[in-house]
Amino acid sequence: MEELSAAIAVFDSGVRLSVPLLFACLAGLWSERSGVVDIGLEGKLLAAAFAAAAAAHATGSAWTGLGAGVLASLGFALVHGFAAIAQRGNQIVSGVAVNMLAAGLTALVGNAWYGQGGRTPALEGAARFEPITLPGAEAARGIPALGPLYADVLSGHTVLVYAAVLATLLTAATLKRTRFGLRIRAVGENPAAVDTAGVSVPALRYAAVLIAGVLCGFGGAYLSLAQAAGFLPQMTAGKGFIALAALIFAKWRAWPALGACFLFGLLDAISIRLQGVSMPGIGLVPVQAIQALPYALTVVLLAGFIGRAIPPRASGLPYVKER
Amino acid sequence: MRSTILGLAAGLFLGGAALAQGQAVKPAIVYDLGGKFDKSFNEGVYTGAEQFKKDAGVEYRDFEIQNDAQREQALRRFARDGYSPIVAVGFSQASAVEKVAKEFPNAKFTIIDMVVDAPNVQSIVFKEHEGSFLVGLLAAKASKTGKVGFVGGMDIPLIRKFACGYVQGVKYANPQGEVLQNMTGTTGAAWTDPVKGGELAKAQIDRGADVIYHAAGGTGIGVLRAAADAGKLGIGVDSNQNMLHPGKVLTSMLKRVDVATVDSFKAAKDGTWKPGVTVLGLKENGVGWALDDNNRSLITPDMKSAADKAAADIVSGAIQVHDYMADQKCP
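Residues numbered from 1 in each chain as written. Chains lettered and ligands numbered in written order. Predicted model: local features only at pLDDT ≥ 70, side-chain atom pairs only at ≥ 80, totals over all residues.

Taking an unreviewed UniProt entry as the reference, chain B is identified by name as BMP family ABC transporter substrate-binding protein belonging to Alsobacter soli. Per its UniProt entry, chain B bears the Sequence similarities (unreviewed entry) comment "Belongs to the BMP lipoprotein family." The UniProt entry for chain B carries this comment under Subcellular location (unreviewed entry): "Cell membrane". (UniProt positions renumbered as here; feature names shortened; annotations may be inferred.)

Named according to an unreviewed UniProt entry, chain A is Sugar ABC transporter permease originating from Alsobacter soli. Per UniProt, chain A has the following entry under Subcellular location (unreviewed entry): "Cell membrane".

Structure, rendered in structure tokens:
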């Protein structure tokens, strides 16, 4: 029973840690499926986290914060879209620019507004997303094995966690089942064919990039309004890049992306929980070894288990109409 | 030509004389990676410096480094611009201070938390194990489960020293007490990761801890938040952090870096600044625990008297708190 509750605690923590990854990963999925490589996920997360924390602090409402986060992220997405789609610029360079701009701008504006080294003041009460309890969670707790799983792992998260799952569902369904989704996929594989069919390539790509902006906005708001209570400079700590790795791992598909992000979150949670715990047969594992574990496993998994990951064929290539 | 050289020499001489008298004190501070507003260690120095500015009316300059390479640059720039004393905050500045102090033998340096052996460096270290002992004792007395937690920042001997004193305090009050210990990381980023700090605290709470002490700079903000969110108690460190979550922070282990900063600046102003090692413990009021309106209801008279007695015993030598840094071991 002791082991079970420990395992449940790890899963619970893994869910919490994987949510920002999942939002960013889905954002990357939309963008890259339409043929626009997006390594600016990190920057958009950061900008959204800052805008969300600042707006939530100013208004005392987490929902306003979320809206501001989405708007900030959309702004950066438009910059990236303008450079990559309208100007046919190099998408990697534009993404790097977004990252650097966000890292510098958030710290600078934060310091100018609050004078706390780029930090926003700590958020309290309604300015944060509080965990919600799913119906019947307390009643279900009594059921062996499944009860605690439902009550602790599935229930008791903030609304944004469930929004992430919903976003995965919508992404998968839209891409697979709708006309719009088909066109997005087509424009990422063969934009010339889409153009020939009389559908606007830039419009589709802009739509995908903006959807990515909205998703990154949710991810960033989750970081500063749910996971932490306020913004800190560089608080994304490379999550945007881990999300890109997860995207490759998931071969640019939505449900596998959920799995990959959860795996990364889980590894992170395990590395936190294993610290200072004596392992049977091994004894106390050094902190450093535990912390290297997620990265080592990532390399092993990426190298050995996923097989060939083939990106959308036109991703990274600006579309030039032939004349 | 000759007259210009003479003039220059005279100017230099005069400048040197003014410095020697210690009239024109131009203090400067280089903060550590946690940043000026970490509500903890660095902020203590900031509070002290602001205090000095108000009392003495002397402006100071400061610098928040963004990465390790900037330590040396910042120290050198301040030294070159004639700032003195220059307070370097944190153990990780030791090698930079050592190097720059050699290049600028006329500048005065004060390093906090580490000993640098140079003729123009004042080293201020604290007996954190004594203060940690007292909060450990309070934690054990406040705990209902008999399990308490510790979250450290970067895994270095200094933080192990906090942990070791804390464990000794817990065991002193409750020999059966158990201490869950975690370190956040092994790099400087471990001081600024409140999300991870919060996850570590949640992990300890899941394992039964109901009082959690942090020695993790900015990361600790997440630890205190997680403890408060879960209805458990946190213990702050370095600065008084009781007001971060009133009624949810049992106490704070105070490390009077503010006093150390003010003293260093003041001594430089009065011309009594001396290089060498200063060790501040309970006896010198360099460490202690915080009791204010935010946590008065959490500290029972019994806990207060036990902590006061232990403090008196440590000062008199009746209780010997083992220092981890002495032999890199914890009993």
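Once you've had a look at it, read on.
## Overview of the overall build of chain A
Counting its secondary structure elements, chain A contains 13 helices and two strands. Relative to a compact globule of 323 residues, whose C-alpha radius of gyration would be 20 Å, chain A shows 20 Å and is just as compact. Across its three principal axes, chain A shows a C-alpha extent of roughly 70 × 50 × 40 Å. Across the 323 residues in chain A, those meeting the buried criterion constitute 49%. Counted over contacts in chain A with a minimum sequence separation of 6, partners at least 24 positions apart contribute 77%. (Helix = DSSP H or I, 4+ residues; strand = E, 2+ residues; numbered from the N terminus. Rg over C-alpha atoms; globule rule 2.2 N^0.38 Å. Buried ≥ 20, exposed ≤ 12 C-beta atoms within 10 Å, placed from the backbone. Contact = placed C-beta atoms within 7 Å.)

## Points about the environment of Thr 59 of chain A
All names here are of chain A. Here Thr 59 is to be found in helix H2 (residues 41-59). In this structure Thr 59 comes out as partly exposed when scored by C-beta crowding, with 15 C-beta atoms within 10 Å. For the pair formed by Thr 59 and Leu 170, sequence separation is 111 residues and the distance between their alpha carbons is 30 Å.

## Let's talk about the sheet that holds strand S3 (residues 86-89) of chain B
All names here are of chain B. Read across the sheet, six strands follow the order S2-S1-S3-S4-S5-S11 without closing on themselves; strand pairing throughout is parallel. Either end of the sheet is taken by a strand with one partner, and the two such strands are strand S2 (61-64) and strand S11 (276-280). Between one strand and the next, the sheet's axes are offset by a mean angle of 15 degrees, whatever the strand orientation. Pairing of S3 with strand S4 (residues 109-112) involves four bridges; the strand directions are parallel. The residue of S4 that forms the bridge with Val 89 is Ile 112. Contacts from helix H9 (residues 257-270) reach S3, S4, strand S5 (121-126) and S11 within the one sheet, and its direction differs from that of S4 by about 170 degrees. (Pairing = 2+ DSSP bridges. Axes fitted to C-alpha atoms, helices over the stretch in contact; angles between N-to-C directions.)

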